[in-house]
Number of protein chains: 2
Amino acid sequence: MSPKVSEAYKKEKKIDLLRAAKRVFINKGYTHATMQDVMDESGMSRGGLYSYFNHIDHLFMEVLQFEDQEDILFFEPSDEYPLWTQLTEWLRLQQKNIEGINNSLVRAKAEFFLTSNYARDKENYPYITERYDNIKNAIKGFIQKGIKQGEFQPILDPEHIVLYFISFIDGLMLDTFQLGSQKTDVKVQLTAFQFSLKAMLLPVGEK
Amino acid sequence: MSPKVSEAYKKEKKIDLLRAAKRVFINKGYTHATMQDVMDESGMSRGGLYSYFNHIDHLFMEVLQFEDQEDILFFEPSDEYPLWTQLTEWLRLQQKNIEGINNSLVRAKAEFFLTSNYARDKENYPYITERYDNIKNAIKGFIQKGIKQGEFQPILDPEHIVLYFISFIDGLMLDTFQLGSQKTDVKVQLTAFQFSLKAMLLPVGEK
DNA sequence: ATATTAAACGACATTGGTGTCGTTTTCAAT
DNA sequence: ATTGAAAACGACACCAATGTCGTTTAATAT
């Protein structure tokens, strides 16, 4: 009856595997990563690995969830600083983020979203859509808070600004991954974007 | 000595194959397309196909070149209309373009750029970089012409505006491919983008 | 110590695709 | 018609990766 090891042990082991898998996906991307790679990286045997994850898409999706928790938190508005300041701060952070894109899952994610049948089956796996909605709502909430506080006086529908926001960031990531950060000049693009945002949001107290 | 068929015949045959391949890549993307698919679609045998293209990356790159000729032409400025009018016209065209993204090579291209070793080997295959530079220069030339003619009075460095331009369009395409055009609301995003451009370029005679 | 149980192992059959190569077909020159 | 060249064919050997399953190992309860 009694299991050989504790639940905690299995949880730990699984997290080890996820970490190893993440390293593999960062190095090789999604398409070229194999279960064998994860076995090698983690030291786990074939049968062992398959007892935790029955195929690589499953594994990748678990890595994503493991990762995602952090991302949304970015757009929790704080009351300490003006929202516009928080926004520019966020953009500054993104610069570092995107410049270091080769050590992130960005490439693997893009590949996964483009190629995996799981990712592309919106009916049964609404993951991508939900993800998009989550980040959209986080940013929209942020802007709406700014409106309510009288800090922003947007010229365009906030919803539209948000969509535009996301497209730009996604495009910048994609291009930077492909061409390198000095080619795409991440910093100046983010400056141009900040300029656009200012023209759209008209934050008070900004010249 | 004499070849069995004319040069013209071989050229024709090759174009047939490229067309078939293009259909395959539009339907299946890059990663999931196989030489077998192209054989089926074109009716050509295995050996025959391989005598034209020795592997699928080669085939894809030829499809791209075949396709690319059109793309750059978009940004040949005409003297008939104000450049700003041409720009808004171009954006209007892009809307249709991006909304019909499922019948284009956009997905396959993105996959190829992300995953193919040929695409990612910048040293030996500078194709991507050249492509980016070409489109960049086309748009930059367009803007500079506007400056010279006194039609644009940009607030930011035109180079930066162009980089920003490309990122946004790429991001919009990617997101739209993944989520569908009603989800990303292509039209309003392009409107927002137009607004940004206006704020950056300050076209004369536009309120 | 011993028994029990499931975690971990790794050999194996299977799959899906690749690229080659000897053969067949077909066209055009004679 | 006959013949020679090369285009088109398709069987085949090969490879890389998958997922399974019977066996081994090791932690815990007794």
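Residues numbered from 1 in each chain as written. Chains lettered and ligands numbered in written order. Predicted model: local features only at pLDDT ≥ 70, side-chain atom pairs only at ≥ 80, totals over all residues. Heavy atoms only, no water.

## Here we look at the overall build of chain A
Note the following rule: Secondary structure counts use DSSP, requiring at least four H or I residues in a row for a helix and at least two E residues in a row for a strand, with both numbered from the N terminus. To sort residues, take the accessible area from a 1.4 Å probe on protein chains only and compare it with the maximum for the residue type: under 20% means buried, over 50% means exposed, and anything in between is partly exposed. Working rule for contacts: check all heavy atoms of both residues, and any pair within 4.5 Å makes them a contact. All accessible areas in this document rest on Shrake-Rupley with a 1.4 Å probe, and a residue is counted as covered only by the protein chains that are shown. Working convention for charge: Lys and Arg count positive, Asp and Glu count negative, and His plus the chain ends are omitted. Lys charges are placed at NZ, Arg charges at CZ, Asp charges at CG and Glu charges at CD.
Of regular secondary structure, chain A possesses 11 helices and zero strands. Shown N-terminal to C-terminal, the secondary structure of chain A runs as helices and strands in the order α-α-α-α-α-α-α-α-α-α-α. Overall, the C-alpha framework of chain A stretches about 65 × 45 × 35 Å when taken along its three principal axes. Burial statistics for chain A: of 207 residues in total, 47% are counted as buried. Taking the contacts inside chain A whose residues are at least 6 apart along the sequence as the reference set, 69% of them involve residues at least 24 apart. For chain A, the exposed surface amounts to about 10,400 Å²; the carbon and sulfur share of it is 50%. Taking the average place of the 25 positive charges on the side chains of chain A and the average place of its 29 negative ones, the gap between the two points comes to 3 Å.

## Some points on the environment of Lys 109 of chain B
Relative to the helices and strands, Lys 109 of chain B resides in helix H6 (residues 106-115). The sequence separation of Lys 109 of chain B and Ala 119 of chain B amounts to 10 residues, and the corresponding C-alpha distance is 9.9 Å.

## Let's talk about the packing of aromatic side chains
For clarity, the cut-off: Here a Phe, Tyr or Trp ring, Trp counted by its six-membered ring, pairs with any other such ring whose centre lies within 6.5 Å, and the pair is stacked when the planes are under 30 degrees apart, edge-to-face when over 60, and tilted otherwise.
If you walk through the whole model with that rule in mind, you get 27 aromatic pairs over all chains. Measuring from ring centre to ring centre gives 5.0 Å for Tyr 118 of chain A and Tyr 125 of chain A, while their planes differ by 75°; the resulting arrangement is edge-to-face. Cluster of aromatic residues (ring-pair linked, three or more members): Trp 90, Tyr 164, Phe 165, Phe 168 and Phe 193 of chain A together with Trp 90, Tyr 164, Phe 165, Phe 168 and Phe 193 of chain B.

## Some details on unusual backbone geometry
Residues and elements named next belong to chain A. Located in the positive-phi region is Asp 185, a residue other than glycine, with phi close to 55°. For Asp 185, the position within the fold is in the loop between helix H10 (181-184) and helix H11 (186-201). On the basis of relative accessibility, which here comes to 30%, the residue Asp 185 falls in the partly exposed class. Even without a glycine there, the phi angle at Leu 202 is positive, about 45°.

## Looking at the nonpolar core
Put simply, the rule is: In these notes, a set of buried Ala, Val, Leu, Ile, Met, Phe, Trp, Tyr and Cys residues joined through side-chain atoms within 4.5 Å is what counts as a nonpolar core.
Counting residues in each nonpolar core, the largest one holds 129 residues, and the members touching the most others are Phe 25, Leu 59 and Phe 165 of chain A together with Phe 25, Leu 59 and Phe 165 of chain B. Among the elements that line this core, the one with the most residues is helix H9 (residues 158-179) of chain B, at 13 residues. Every residue in contact with Phe 25 of chain A, bar those within four places of it in the chain, is listed here: Tyr 30, Ala 33, Ile 56, Leu 59, Phe 60, Val 63, Leu 105 and Ala 108 of chain A.

## Some words on the protein's contact with DNA strand D
Threshold: Any residue with at least one heavy atom within 4 Å of a molecule or strand is counted as near it. Contacts described as polar in this section are N or O atom pairs within 3.5 Å, which, within protein, must combine one atom able to donate a hydrogen with one able to accept it, while residues neighboring in sequence count only if both atoms come from side chains. The classification used treats Ala, Val, Leu, Ile, Met, Phe, Trp, Tyr, Cys and Pro as nonpolar, Asp, Glu, Lys and Arg as charged, and all other residues, Gly among them, as polar.
Near DNA strand D there are 25 residues, and of these Arg 46 of chain A together with Lys 4, Tyr 9, Ser 45 and Gly 47 of chain B occur at the shortest range. Arg 46 of chain A is positioned such that a nitrogen or oxygen atom in its side chain is 2.9 Å from a base oxygen of DNA strand D. Side-chain polar atom of Tyr 9 of chain B to a phosphate oxygen of DNA strand D: 2.8 Å apart, as the coordinates give it. Within the residue set of the surface near DNA strand D, elements represented by two or more residues are helix H2 (35-42) and helix H3 (46-52) of chain A together with helix H1 (7-28) and helix H3 (46-52) of chain B. Ranked by the residues each element gives to the surface near DNA strand D, the list is headed by H3 of chain B, at four residues. Residues that form the surface near DNA strand D fall into these classes: eight nonpolar, 11 polar and six charged.

## Observations concerning the pattern of salt bridges
Heads up, the condition is: For this analysis, a salt bridge means a side-chain nitrogen from Lys or Arg found within 4 Å of a carboxyl oxygen belonging to Asp or Glu.
Summed over all chains, the structure comprises 20 salt bridges over all chains. For Glu 41 of chain B, the salt bridge identified is with Arg 23 of chain B, shortest N-O distance 2.4 Å. Linking Glu 41 of chain B in helix H2 (residues 35-42) with Arg 23 of chain B in helix H1, this pair joins segments that are 18 residues apart in sequence. Residue Asp 79 of chain B is joined to Lys 145 of chain B by a salt bridge in which the shortest nitrogen-to-oxygen separation is 2.6 Å. With Asp 79 of chain B in the loop between helix H4 (56-73) and helix H5 (83-99) and Lys 145 of chain B in helix H8 (residues 127-148), this residue pair connects regions lying 66 residues apart in the sequence. One network of salt bridges, with partners in common, ties together Lys 136, Lys 140 and Glu 159 of chain A.

## Some words on the domain arrangement of chain A
A common measure of how large an interface is: the accessible area buried when the components associate. Residue and element names in this part refer to chain A. Test applied: Domain delimitation follows an automatic or database domain assignment. What counts as buried area is the accessible surface, traced by a 1.4 Å probe, that two parts surrender upon association, with contributions from both included.
On domain assignment, one finds that chain A holds domain 1 (1-67) and domain 2 (74-207). Each of domain 1 and domain 2 was reduced to a C-alpha centroid, and the two centroids are 30 Å apart. For the pair domain 1 and domain 2, the summed buried area comes to about 1,300 Å², and 68% of that belongs to carbon and sulfur atoms. Our count for the domain 1 to domain 2 interface comes out at zero salt bridges. Counting every contact that joins domain 1 to domain 2 gives four residue pairs in polar contact (both at pLDDT 80 or more). Going through the elements one at a time, helix H1 (7-28) and helix H4 (56-73) are the ones with two or more residues in the side of domain 1 that touches domain 2. Here the side of domain 1 that touches domain 2 gets seven residues from one element, more than from any other, and that element is H4.

## Some thoughts on the relation of the copies chain B and chain A
Where we set the bar: The copies were overlaid with a least-squares fit restricted to C-alpha atoms from residues scoring a pLDDT of at least 70 in each copy.
Between the two copies, chain B and chain A, the superposition gives an RMSD of 0.0 Å; the rotation angle is 180° and the shift along the axis is 0.0 Å. Those values place the two copies in the arrangement expected of a two-fold rotation axis. If distances are taken from each C-alpha of chain B to the rotation axis, the shortest is found for Gly 171 of chain B, at 1.7 Å. Most of the interface of chain B is mirrored in chain A, where 100% of its interface residues are also at the interface.

## Re the packing of helix H5 (residues 83-99) of chain A against helix H9 (residues 158-179) of chain A
Residues and elements named next belong to chain A. Defined as follows: Think of each axis as a best-fit line through the C-alpha atoms, taken over the contacting stretch in the case of a helix, with angles from 0 to 180 degrees between the N-to-C directions. By definition in this entry, angles of less than 35 degrees are roughly parallel, angles greater than 145 are roughly antiparallel, angles of 65 to 115 are roughly perpendicular, and the rest are oblique. Here a crossing is taken to be left-handed if its near helix is turned anticlockwise relative to the far helix by less than a right angle, and right-handed if that turn runs clockwise.
Contact geometry of H5 with H9 gives a least axis separation of 11 Å together with a crossing angle of 20°. By the criterion of interaxial angle, the relationship of H5 to H9 is roughly parallel. For H5 against H9, the interelement crossing comes out right-handed. Counting all contacts with H5, which are made through Leu 87, Trp 90, Gln 94 and Ile 98, the residues of H9 involved are Phe 165, Ile 169, Leu 172, Met 173 and Thr 176. Of the residues contributing to the contact of H5 with H9, the split by class is seven nonpolar, two polar and no charged.

## Concerning the interface of chain B and chain A
Tallying the contact residues gives 41 residues for chain B and 41 residues for chain A. Summed over both sides, the interface of chain B with chain A buries roughly 4,100 Å², with 67% coming from carbon and sulfur. Taken together, the connections running from chain B to chain A amount to two salt bridges. The salt bridge partner of Asp 133 of chain A is Lys 183 of chain B, with a shortest N-O separation of 2.8 Å. In this structure, the connection of chain B to chain A is made through 10 residue pairs in polar contact (both at pLDDT 80 or more). Looking at the side of chain B that touches chain A, the element that brings in the most residues is H9 of chain B, giving 14 residues. Split by residue class, the side of chain B that touches chain A holds 21 nonpolar, 11 polar and nine charged.

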